[in-house]
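Analysis of the macromolecular model
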Amino acid sequence: MDTKKYKEALEKELELLTKELKGIGVVGGENPDDWVAKSGIGTINDDDKSDDNDNADDLEELGERNAIVSDLEIRFRNVKEALKRIEDGTYGMCEVSGHPIEEDRLEANPAATTCKEHMNG
Ligand SMILES: [Zn+2]
């Protein structure tokens, strides 16, 4: 399989996801793939930091940000793993059946780990 175009697509996506993650989160631990939402960013509350009544709102907002970070983080890891599989030479194989993943599926989602038959399980 010609993995070059998938590699390029994945690298582009990784760059994008990294940018998004850096905008909303920070690396949370020793593992560079662990992200947590930044606290105290957010354009809405920047003006009234001194107002104690906003603490609850801040927490709620942080919770929402954490949900977004988790979602981005999953995609970030999937893309990284796909890039690793390209290097290992195992890219494009269904992790359930071991069969090659359909090219049109990979074109739609280069980080796919399963063929169409197993994509929902
Ligand atoms: Zn399969």
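Reading guide: rules and limits
- Residues numbered from 1 in each chain as written.
- Predicted model: local features only at pLDDT ≥ 70, side-chain atom pairs only at ≥ 80, totals over all residues.
- Heavy atoms only, no water.
- Core = buried A, V, L, I, M, F, W, Y, C linked by side-chain atoms within 4.5 Å.
- Buried < 20%, exposed > 50% of the residue type's maximum accessible area, 1.4 Å probe, protein only.
- Helix = DSSP H or I, 4+ residues; strand = E, 2+ residues; numbered from the N terminus.
- Contact = heavy atoms within 4.5 Å.
- Phe/Tyr/Trp six-rings, centres within 6.5 Å; stacked < 30°, edge-to-face > 60°.
- Expected span 1.5 Å × (residues − 1).
- Arc of directions from axis to C-beta.
- Patch = residues over 30% accessible without salt bridge, like charges linked within 9 Å, V, L, I, M, F, W, Y side chains within 5 Å.
- Areas by Shrake-Rupley, 256 points an atom, 1.4 Å probe, with all protein chains shown as cover.
- Salt bridge = Lys/Arg side-chain N within 4 Å of Asp/Glu carboxyl O.
- Lys, Arg positive; Asp, Glu negative; His and termini not counted.
- Charge placed at Lys NZ, Arg CZ, Asp CG, Glu CD.

All right, on to the nonpolar core then. Nonpolar side chains in soluble globular proteins tend to end up buried together. One finds Leu 10, Leu 21, Val 69, Phe 76, Val 79, Tyr 91 and Leu 106 to be the most contacted residues of the largest nonpolar core, which totals 22 residues. Elements represented by at least two residues in this core include exactly helix H1 (4-24), strand S2 (35-37) and helix H2 (55-88). Looking at which element gives the most residues to this core, the answer is H2, with seven residues. Not counting chain neighbours up to four residues away, the residues in contact with Val 69 comprise Leu 21, Ile 24, Gly 25, Trp 35, Val 36 and Ala 37.

So, on to the packing of aromatic side chains. Throughout the structure, instances matching the rule amount to two aromatic pairs. With 5.8 Å between their ring centres and 80° between their planes, Trp 35 and Phe 76 make a pair best called edge-to-face. Here Phe 76 lies in helix H2 and Trp 35 lies in strand S2, a separation of 41 residues in the sequence. The pair Trp 35 / Phe 76 is uniform in exposure class, with both members buried.

Turning next to the side chain of Glu 73. Note on placement: Glu 73 falls in helix H2. Not counting residues up to four positions away in its chain, the partners in contact with Glu 73 are Leu 21, Asp 33, Asp 34 and Trp 35.

For H1, with 21 residues, the first-to-last C-alpha span of 30 Å sits near the 30 Å given by 1.5 Å per residue. All of the buried residues along H1 are Tyr 6, Leu 10, Leu 14, Leu 17, Leu 21 and Ile 24. In an axial view of H1, the angular spread of the buried residues amounts to 100°, which keeps them on one side of the axis. Facing away from the buried surface of H1 by more than 90 degrees, the exposed residues are Lys 4, Lys 12, Glu 15, Leu 16, Lys 19 and Lys 22. On the buried face of H1, the contacting elements are strand S1 (25-27), S2, H2 and helix H3 (103-108).

A word on a negative patch on the surface. The grouping of Asp 57, Asp 58, Glu 60 and Glu 64 at the surface amounts to a negative patch. Residue Asp 58 is classed as partly exposed on the basis of its relative accessible area, which comes to 31%.

This part is about the pattern of salt bridges. Two side chains carrying opposite charge are able to pair once their charged atoms lie near each other. Tallied over the full model, the rule gives ten salt bridges. A salt bridge links Lys 4 to Glu 8; its shortest N-O distance comes to 3.4 Å. A residue pair is termed a helical-turn pair when its members lie 3 or 4 positions apart in one helix, as Lys 4 and Glu 8 do in helix H1 at four residues. On the basis of relative accessible area, Glu 8 is assigned to the partly exposed category, the value being 43%. With a closest N to O distance of 3.0 Å, Glu 107 and Lys 5 form a salt bridge. Note that Glu 107 is positioned in helix H3 and Lys 5 in helix H1, a separation of 102 residues in sequence. In the salt-bridge network here, residues are joined through shared partners; they are Asp 34, Glu 73 and Arg 77.

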